[in-house]
Amino acid sequence: MDDNNQAPFMGAVRAALGHPQHVARQAPDGLFHQQPSAKSQGFLERIENRKPAERRVLIKTLMAAAKPINLDVTLVAAPEIVAKTIADRIASAPVEWDGPRQVCLWEHPLIDRLGLRSRLAQREIPIVSSSTFLQTSSKEKSADQRQALRHGIIDSFVGVTSADFCVADTATLVLRTQPGQPRSVSLLPSIHIAVITVDQIVADFGELYACLRWGNGGASMDLTTCMTFISGPSKTADIEATLVHGAHGPKSVWLYILGQP
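Residues numbered from 1 in each chain as written. Predicted model: local features only at pLDDT ≥ 70, side-chain atom pairs only at ≥ 80, totals over all residues. Heavy atoms only, no water.

Some remarks on the environment of Val103
- Following the sequence through the fold, Val103 ends up in strand β2 (residues 103-105).
- The class for Val103 is buried, based on a relative accessible area of 0%.
- Separated by 49 residues in sequence, Val103 and Gly152 place their C-alpha atoms 9.0 Å apart. (Helix = DSSP H or I, 4+ residues; strand = E, 2+ residues; numbered from the N terminus. Buried < 20%, exposed > 50% of the residue type's maximum accessible area, 1.4 Å probe, protein only.)

Structure follows, in structure tokens:
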């Protein structure tokens, strides 16, 4: 909902509840906590003080959880190794339906640091990203530009993203959408590649929710209009209880973890 229709909508809700349409109501005291509970504070301290040995245990937990859901996890020490490995795998992966070996990327500092664009360019693999089509300010983006980006992602064989967190005990990637980071990059291509750093791994959903609520210096993170939870490739067993991958999204998900625990 944008600013053009938010005020009328909220006014209609207030009127339906019998309140003045143009006066924002204050939240009752105690409805929203102003500081983390003892439990949340414990989660945050555990994350902040996590030792390398404990991080290695988290990675083992993540890899064990990833195996039964067909999530391909690789731990890599250096960014240039990640870029070379990803580019090599993309270049050798069989392309479905004789489509282009095209890659769509998030605009993200970690992905930029990898040098993946130059690696793919060396192999003459086409790249699509928001900057490819949307090179003007947000207010000037035309419908044609947005449509071109949308079709570029649809035509891509591989989508490369980062993530905000990865939950170890369920091998779940947590992605918030930001400008230059459309959720379609993780949903439409046949292969989804995610790159994260070791310190983005949390143990469980308790730690995740503590981070989302209080991990931004005591304030809530900027929760965007969509937050996607991804546990391995798309799968369904709706037809005759036969498990099929790729029915509603990527048929393969490759997770690369950058750094030494």
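Some words on the pattern of salt bridges
- Scanning the model with the defined rule gives 9 salt bridges in all.
- Of the charged contacts in the structure, one is a salt bridge between Arg117 and Glu107, with a shortest N-O distance of 3.6 Å. Here Arg117 is found in helix α6 (residues 116-122), whereas its partner Glu107 is found in the loop between β2 and α5 (109-114), with 10 residues between them in sequence.
- Arg117 gets classed as partly exposed once you look at its relative accessible area, which sits at 31%.
- Among the salt bridges present, the one from Asp164 reaches Arg176, with a minimum N-O distance of 3.0 Å. With Asp164 in the loop between β4 (158-161) and β5 (165-167) and Arg176 in strand β6 (residues 172-176), this residue pair connects regions lying 12 residues apart in the sequence.
- Within this structure, Arg46, Arg50, Asp204 and Glu207 form a network of salt bridges that share partners. (Salt bridge = Lys/Arg side-chain N within 4 Å of Asp/Glu carboxyl O.)

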